[in-house]
Structure formats: structure tokens, C-alpha cells
Amino acid sequence: MKNKRKIALNAATVLLSLSFVVGCSSNGGNNGGEAATNGNTPANEKPSNEAATPSNEGTEPESNLFKLGSEPLDLTFYGNYGWYTMPQWGADPSTKWIQDNFKVNITGISSGGNNAQKLQTMIAGNQLPDIIWGERDDNMNRLRESGLLVPLDEYIDKYPNFKKWMDPKVRKLLTAPDGKIYTLPNYYTNQPNGNAGYIVNKKMYKALGSPELKTTDDLYNYLKAVKEKFPDAIPFETGLAKDGHGIDQLFSAFKENNLSFTRYFAVPNGDKFESIYTDPGFRDSSVFSAKLMREKLMTQDAMTQTEDQVKEKLLSGRAAVYASSDPMKLAAEADIALSSKDPEDGYFFIDPIVKPGNDVTKTFPGTYNMLGWNVAAITTSAKNPEAVFALLDWMTGPEGTAVLFWGPPGADGFWDGFESDNLTPKFTDRYANDPKGLTEIQAVSANTIWVGNTVYMDGVKSKYEATLPEEKRNWSTNWQYKVTWKSQGDATEFVNLFPIPDTDEGIAYQRVKDIWLKARAEALFAKSDDEVLKILDKAHKDSMDVDFQIVLDSYTKKWQDNKAIMNGN
């Protein structure tokens, strides 16, 4: 009842604050040592790491830790995205294994396509979920400020995995103004990672003579050739362009060392942020994108299509070139579907496209940062927040990561226990011989990995994949190793720049965002190059007229603060 009263006390405050917030959508640690299970092996089973029992030196005694499986754990989970629906818990092999072995059952709460409204409704009805998962934005900040999130520092210090794998800089960047941590990072890292870039339809590419695809000129000429030879194809597929997919990648092509700050409607220049509308690279990329749209070389429903519609195009082999912040997610499944019918069909990654004269090694179609993608938080509605944390800590550790990403352990699975280091899964022959089955596992885990441990995951799979002949390597890992990981820019110093909604900066930000959304769509569908530039000029003026400068100043201050933290100050 204490938690319920606390929620009721703060609901009005949060609802008032969230009225300013629009839901967002966007895509490390000390590697080495033993992974401690600390009592979180199912009570009726042997540890999956059957070799040496890990040392508990420097950790809490097992008796002081919540032991997963010691009692049923029924939780609710809400992903704060309009596009996200949690897979049914227990319907796939990985979550079924967790359900059976740890007595964990998680019920997903759907946003119904309107996450901002759903979140407000849950708060108003005192029905917050046990776990809320979403962007590191002011939805989370307001929940924290209103006392609706559980501080996690005590648990981080007590349990083994986050304490071990999170880089100290990550912990500092997660720390709230009150000195406590309320959120747990997803896909946190201390090394390059990411999937952003361009994939190409293999069959169409060969039919067109396998031409060079390096520059924006090459890309334009190739898309024209596709349109002529394959009139039913989509020359350039963007994915969800309303969220910047595809057109952000084109922006990266026109500017070296460009970390694509379209989400801020601003770019760093020297030691401060300036309006994106005045940036030469952005202006050139906007003209280029509009030209593709105008000449029907780009998908015509770029601003309105759904992910399912994009998936259908890829599965049917109708997309000639596809660019987004994560083409891997849909293309891996599509490659399996097409290549299983015809080995000459499928998709492959290319190096980043660049404006003629630009350096490809300084071109980043996507970014990574040490905090990763989004965050998970435990709300004050949770009856046993420590038990919830114990589950999340297990999920981010070696065993939890292995179960979610490679499926349940066992001789008939993709891995069967750990090597003597208690870190490296013993992969079975099925890993190399059943790519379709592994893709099916990971198609689900893309939506059930909430606290992904990138350093562990990438390190393990890369090391193992290197021992396999190329034709046996996992499609995604192969292209990550060859192309995407080395072409992502480090944007750690630019995290957490969004202003608080009910401040002057926050109110101005929302006005500027409204201008941005309208201008980006209008520019994409402009009838001429000149019209594109006029739209951008007007958007710049309109933005400055509604106090964009104070937002830019806020960005600059937070950026400088981040750099101080990262420099140890």
C-alpha cells in the first residue's frame, strides 16, 4: 500500500510534466574474469557453467542475494514506444526456459500505438508496471523526479553483473542530479558497435553488372539503373523515414565526422551547437534526398509506412538498396528467406556511401555510445524491487545473455554450458548448421533483451565466428565484423542533451521540434532543389524566433559537462 500511496501522491505532478513530453523512438565494461552466478542457478538444476564454481571474492554472500527460482516472480513490463509490443512471455524457447527454471512470468503492457497517452493513463490510474523500458528522456526524468522510480545503487553494488560489466564512465553518465542511479542501460559498451548502414539486394546487383557503389553519384546512377531494369522494385528503401531512417544515413554521406544529430535539430561546430538548417552537409543531403523522392528512386511512402510493410518488401526481394539505423534487424531474416530458395539471392552490406571527395573512414552512417540505446527502470509499484533487479542483473550477465541471445542451453541447442572461464559458451554444431533457427531465436530476443551487454555478446560471438569458414558464419555477425562496427561513430559525449520539458528550454525545444517535423517532411517532397533550401531557411528562421538559441545553449552546456565527466572531472 505504501507504493500505491506514493504513486497517487505524485501522479498529478507527473501528468502535468508529461504533458510537455512527446514519446521518442530511435539504435561496456571490464571485459575478463569470471561470471558469478551468486545463487541465481535454478534450485533444481546444476549450474550451466559446469566447470569451476566462480569466486565470490568482492561480492555479497549468496545468502544475502535474492535467488531466482526460490519463489514465483510475476511481473509487468511496459515498453514506452508506439511501435513496441513485448513478445508473449514463454512462447519462445528462451523465455520459456526462464519461465520454467526461474518461475518468472512477465506480462507485457501494450502502448496501443500511443505510448505518451498510455503512460499518462497508467500514472493516473496508479497502475505503473514493475519495469518500464524506454528512451533516456524526460519521461524517465519526470518519473524519477516524482519519486516513482526505485534507486538502484545499493543493488548494483550488491549483485555481480552490472557492477562487473558497466564501465565506470557509464555509471557516472547514468547518475541523476541527486547522486543516485535509477536506470539500467541497454547495449552498453566500451567499444564500437552498431548496425547502421546500407544493404544491397544481391540478385539485382549482379544483374546490373555489380557496379561500384562508393559515392553518392554511384548510388544515384545505380538507383536509376534499378528503376529502368526492375520497374516493380523499390530502388532506395528507407525504412521509417519519419524517424530519420535512410535519410539520416544519406546525411552522413555529405559530411565527414558527422554523427547525424538530427534528433537535436542541431550540429556541433567548434565548441558549441548550431542550427542544423544552416549546416552545409545537411542542406546538401536534403537536396539529394528530395531528388531521389522526386524521381521516384526512393520509396514514396517513406514518411508513413510501418515496419511490417518494410519487412514485406525485404522478404519479397523488392528492395534494391535499404538504409537505416538498423537494417540488420529485418535484413537478416530476409536474407535467410531469399537465399534458402536461391543461393544467389539475398542481401549484403556495403561500406558507407560518401560524397565524392569525402573520406569513407571519416563517414559514420550510425553512432554508438557507452550508454548504448535505451534504459530499463524499476518503478515503486514493484512489490519486491530487489527481485526484479536480480532478474535484470542475471539477464545482463553471461548466462542470461546466452539464454536470451542463443537460446536455452542443451546438447540439442546452440550452446551447452560454459568453458572453464565461465564466460565462453560451448557452442554446438547447430550454431553453424542451423542459421534459420538461430535467426528465429534472435528475431524474438531483439525485443526481449532489455539490458543488453554488448561487450560480452559481441566479444563471444566474434571470437567463435572467426573459427568458422565464411559460409558457416552468422550473416549478421559476419557483416558487423566486416562493415558496420568499424563505420559507427562514438557519440558518448553527446548523450542526455534533451532539456527538461517544463523549463524555458524544454518549452522552446517542443516548439522547435514541431517546426522540424513539418520542415523535414516538406523538404523531402519539395518539387525543386531551390524549394528545399527555402524550406530549410524558413525552418531556421521560425526556430530562432521561438527561442531555439536557448536550446542550443543548453545543448552546449550539457555537452561540455559530459566531456568533463568523461575526462574524470
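If you're wondering where the values come from, they're calculated on a predicted model, not measured in any experiment.

Student: Which residues make up the overall build of the protein chain, and what values do they have?
Tutor: When its secondary structure is counted, the protein chain shows 22 helices and 15 strands. Counting across all 569 residues of the protein chain, residues that qualify as buried make up 56%. Carbon and sulfur atoms make up 50% of the accessible area of the protein chain, which amounts to about 23,200 Å² in all.

Student: A description of the sheet that holds strand β1 (residues 73-79) should follow, citing residues and the corresponding values.
Tutor: In a beta sheet, neighbouring strands are held together by backbone hydrogen bonds and run either parallel or antiparallel to one another. One open sheet holds the five strands; their spatial order is β2-β1-β3-β12-β4, and the pairing between them is mixed. Two strands close off the open sheet at either side, each with one partner strand: β2 (104-109) and β4 (183-185). Averaged over all pairs of adjacent strands, the angle between strand axes in this sheet comes to 25°, irrespective of strand direction. Pairing geometry for β1 and β2, over six bridges, is parallel. In the strand pairing of β2, aspartate 74 is matched with asparagine 105. Here helix α3 (residues 115-124) sits on the sheet in contact with β1, β2 and β3 (131-134), set at roughly 135° to β1. With respect to the sheet, helix α4 (residues 138-145) is in contact with β3, β4 and β12 (375-378), its orientation differing from that of β3 by roughly 150°.

Student: Help me get a handle on the packing of helix α14 (residues 385-396) against helix α15 (residues 398-406), residues and values and all.
Tutor: Axis separation between α14 and α15 bottoms out at 4 Å; the angle between their running directions is 75°. One element, α14, and the other, α15, form an angle in the roughly perpendicular class. Facing Trp394, Met395 and Thr396 of α14, the residues of α15 in contact are Pro398, Glu399, Gly400, Thr401, Val403 and Leu404. Considering only residue class, the contact of α14 with α15 consists of five nonpolar, three polar and one charged.

Student: Account for helix α2 (residues 93-102), naming residues and giving values.
Tutor: Those residues of α2 not exposed but buried are Ser94, Thr95, Trp97, Ile98, Asn101 and Phe102. The arc enclosing the buried residues of α2, seen along the axis, measures out at 150°, which places them on a common side. Buried-residue contacts for α2 involve β2, α14, α15 and α17 (435-445). With a side-chain oxygen lying 3.2 Å from the backbone nitrogen of serine 94, the N-terminal cap of α2 falls on aspartate 92. Where α2 terminates, the next one or two residues include lysine 103, which has phi positive at roughly 60°.

Student: An account of the sheet that holds strand β6 (residues 234-237) is requested, with residue identities and associated values reported.
Tutor: Strand order in the open sheet formed by four strands is β6-β9-β5-β10, and the pairing between neighbours is mixed. Single-partner strands in this sheet number two, and they are β6 and β10 (347-350). Sheet twist, expressed as the average angle between the axes of neighbouring strands with direction ignored, equals 20°. Note: strand β5 (residues 197-201) against strand β9 (residues 319-324), four bridges, orientation antiparallel. Pairing of valine 200 across the sheet is with valine 321, part of β9. Packed on one face of the sheet, helix α12 (residues 307-315) meets β5, β6, β9 and β10 and runs near 140° to β9.

Student: Lay out helix α11 (residues 280-294) in plain terms, naming residues and giving numbers.
Tutor: Taking 1.5 Å as the rise per residue, α11 with 15 residues should run 21 Å; its terminal C-alpha atoms sit 21 Å apart, in good agreement. Among the 15 residues in α11, eleven count as buried, and that is most of the element. Those residues of α11 not exposed but buried are Gly281, Phe282, Arg283, Ser285, Ser286, Val287, Phe288, Ser289, Ala290, Leu292 and Met293. Of the surrounding secondary structure, the elements contacted by the buried residues of α11 are α9 (216-229), β6, α10 (247-253), α20 (504-524) and α21 (529-545). Looking one or two residues beyond α11, the residue adopting positive phi is lysine 296, at roughly 60°.

Thresholds, definitions, all that
- Residues numbered from 1 in each chain as written.
- Predicted model: local features only at pLDDT ≥ 70, side-chain atom pairs only at ≥ 80, totals over all residues.
- Heavy atoms only, no water.
- Helix = DSSP H or I, 4+ residues; strand = E, 2+ residues; numbered from the N terminus.
- Buried < 20%, exposed > 50% of the residue type's maximum accessible area, 1.4 Å probe, protein only.
- Areas by Shrake-Rupley, 256 points an atom, 1.4 Å probe, with all protein chains shown as cover.
- Pairing = 2+ DSSP bridges.
- Axes fitted to C-alpha atoms, helices over the stretch in contact; angles between N-to-C directions.
- Contact = heavy atoms within 4.5 Å.
- Parallel < 35°, antiparallel > 145°, perpendicular 65-115°, else oblique.
- Nonpolar A, V, L, I, M, F, W, Y, C, P; charged D, E, K, R; others polar.
- Arc of directions from axis to C-beta.
- Polar contact = N/O pair within 3.5 Å; in protein donor to acceptor, adjacent residues only side chain to side chain.
- Expected span 1.5 Å × (residues − 1).

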